[in-house]
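What follows is each chain in one-letter form.
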Amino acid sequence: MYERDLKAPFDCMHEECGVFGVYSGETRNVAHTAYYGLFALQHRGQESAGIAVAYADKIQYYKGMGLVSDVFAGGRLDTLPEGDIAIGHVRYSTTGASLSVNAQPVVFTGKCGKTALAHNGNLTNTKQLREELIADNAVFQTSIDSEVMALLINKYSDGDIVKGVLAACERIRGSYALVVMTADKLIAVRDPYGVRPLVLGKNIDDTVVASETCALDAVGAGYVRDVKPGEVVVIDSQGEHSYFLDTKGKKPAACIFEYVYFARPDSVIDGLSVYQARKEAGRILARSNPHIEADIVSGVPDSGLVAARGYSEVSGIPCVEALAKNRYVGRTFIQPDQHMREHSVSVKMNALRANIEGKRVIIIDDSIVRGTTSRKIVKMLRDGGAKEVHMMACSPVVKHPCHLGIDIETYSQLIGANKTVEEIREYIGADSLTYMSAEGLKEACKGAAYGFCTGCFDGKYPYPLEFDRADKHKFE
């Protein structure tokens, strides 16, 4: 989170980025494969997109601001050459301003020749590493932590990219799902705690790595396995080779919000279906709150819809659409200022009066961060004729910031850090407000292969982080 421009606080958690890589057994239009993979990962980042292709000991790339379809419109995708390796990236800026210079992949010429890197996550020791590299005469072109990783890899490589990656990853702290490409290698890395997801897939002669399995599906690749926490997978003409970072004393702690909000429901992360986790969360909410009476239950599109179905199955309350979504509007956080974000909620969705008028409505959302969107939704439902509005969240109260890839960096951004549940209920205007318990959320996600980072709920992070509650006023 160092070096980033200060922005107006957002009203929801923001995913960090999506990464994609393909190593093909033949020279072909691998950029097209990366394009469709990024399309499937568009939900993870909507600010910028980029693809780099390796061919004939060279790397050519194209990147820009906007959605994947916008960046590569007008035949730009076909300007990339045929090759046998490609990596791609979609970005939401957790570190570094939202500028074209900060778009990824990061492409540079170093000790291993042409190299490209794409990163999902956020480093916590960027400032220290940047100062060290500058003292060694490094020159930075961007303000993103991913360039710090790239220059660090180059520093330690001595002509061997695998050596550089292994040494650099022992120095960096924070979350990272990383794809690195040279003229003849594709390397996939997951941090020792496995905070961010990364999966491997196969499609005939292609080996594919991606942030989520939905991207494998989009390019016709079959799921093989998840990259393990601390694993470095090297893919080249000799096949696949795995190396491991030092994970001694580091218990895997995957971000639990991947299941709550970030990931697509059709993805499977660390062995657990995101859809099933969300549906089970809804069931748990219903079992935990049998006293709430309502005529219909509905989810806030899109991440609350599956939980609403689970709630309906247990409670017997009909699951009915209460909000219609405009499919051509991106997520509200993508707007450049708070006023536009709040206005975009109304553009993004509208109440279905025919379904809610005179009804007691349970509305389920994935989480409540600032509360302004929840407040707007409650008002929208009341204006649409709802008799009562009972708000439920599929996560515990978000009380603490996160520097591991979620863009909530101060306590002042979090309504749960500054108000009681009853005060939050009054602020959003609901008749009742219910949060999922931490135990309930872990129960919903119990099928995953690893444990979870729940720092935004309880302040316990895999990496010790420095938060100063006295800094709240800087963002108020």
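Check the entry above for the structure.
Quick caveat: nothing in here was measured; it's all calculated off a predicted structure. (Residues numbered from 1 in each chain as written. Predicted model: local features only at pLDDT ≥ 70, side-chain atom pairs only at ≥ 80, totals over all residues. Heavy atoms only, no water.)

A. Examining the sheet that holds strand β17 (residues 296-299) more closely. Ordered by their spatial adjacency, four strands build an open sheet running β17-β20-β21-β22, and the pairing between neighbours is parallel. Strands with a single pairing partner mark the edges of an open sheet, and in this sheet they are β17 and β22 (432-435). On average, each strand axis in the sheet is inclined to that of its neighbour by 20°, with strand direction left out of account. Of the strands in this sheet, β21 (388-393) and β22 are in contact with helix α14 (residues 421-428), which crosses β22 at around 130°. (Pairing = 2+ DSSP bridges. Helix = DSSP H or I, 4+ residues; strand = E, 2+ residues; numbered from the N terminus. Axes fitted to C-alpha atoms, helices over the stretch in contact; angles between N-to-C directions. Contact = heavy atoms within 4.5 Å.)

B. Region of the structure containing the nonpolar core. Ranked by size, the top nonpolar core spans 51 residues in total, and within it Phe257, Tyr259, Tyr311, Ile362, Ile364 and Cys445 carry the most contacts. Those elements giving two or more residues to this core turn out to be β14 (254-255), α7 (257-262), α8 (274-288), α9 (305-315), β20 (360-365), α15 (438-444), β23 (452-453) and α16 (455-458). Among the elements that line this core, the one with the most residues is α8, at six residues. Membership of the second largest hydrophobic core comes to 28 residues, among which are Leu123, Ile144, Val165 and Val189. (Core = buried A, V, L, I, M, F, W, Y, C linked by side-chain atoms within 4.5 Å. Buried < 20%, exposed > 50% of the residue type's maximum accessible area, 1.4 Å probe, protein only.)

C. Geometry of the packing of aromatic side chains. Here the structure, examined in full by the defined rule, presents eight aromatic pairs. Between Phe257 and Phe262, the ring centres sit 6.1 Å apart and the planes meet at 40°, which makes this aromatic pair tilted. Under the relative-accessibility criterion, Phe257 is labelled buried at 0%. Using a relative accessible area of 0% as the deciding quantity, one classes Phe262 as buried. Chaining the aromatic ring pairs together yields one cluster made of Tyr35, Tyr36, Phe39, Tyr62 and Phe72. (Phe/Tyr/Trp six-rings, centres within 6.5 Å; stacked < 30°, edge-to-face > 60°.)

D. Quick look at the pattern of salt bridges. Tallied over the entire structure, the rule returns 26 salt bridges. Measuring nitrogen to oxygen at the nearest pair gives 2.8 Å for the salt bridge that ties Arg44 to Glu212. Taken as a pair, Arg44 in the loop between α1 (30-40) and β2 (48-55) and Glu212 in the loop between β10 (206-210) and α6 (213-218) lie far apart in primary sequence, 168 residues in all. For the residue pair Arg44 and Glu212, the accessibility class agrees, reading buried in each case. Ionic pairing is found between Lys379 and Asp383, a salt bridge with its closest N-O pair at 2.8 Å. Of this pair, Lys379 and Asp383 both sit in helix α12 (residues 372-383), separated by four residues, roughly a single helical turn. Residues joined in a network through salt bridges with shared partners are Lys279, Glu280, Arg283, Arg287 and Glu313. (Salt bridge = Lys/Arg side-chain N within 4 Å of Asp/Glu carboxyl O.)

E. Structural view of the sheet that holds β10. Sheet architecture is open: seven strands sit in the order β3-β2-β4-β1-β10-β9-β11, paired in antiparallel fashion. This sheet does not close on itself; its edge strands, each paired only once, are β3 (58-65) and β11 (222-226). The average undirected angle you get between the axes of adjacent strands in this sheet is 15°. Pairing of β2 with β3, which is carried by eight bridges, proceeds in the antiparallel orientation. Looking across to β3, one finds that Ser48 is bridged to Met65.

F. Up close: the pairing of strand β7 (residues 174-181). Burial analysis of β7 places eight of its eight residues in the buried class, which makes it a mostly covered element. The sheet contact formed by strand β6 (residues 113-123) and β7 spans eight bridges and is antiparallel. Within β7, the position partnered with Ala118 by the bridge is Val179. Examined bridge by bridge, β7 and strand β8 (residues 186-190) share five bridges and lie antiparallel to one another. Each bridged residue has a counterpart across the sheet, and for Met181 the counterpart in β8 is Leu186. With antiparallel pairing between neighbouring strands as the criterion, β7 and β8 make up a hairpin whose turn holds four residues.

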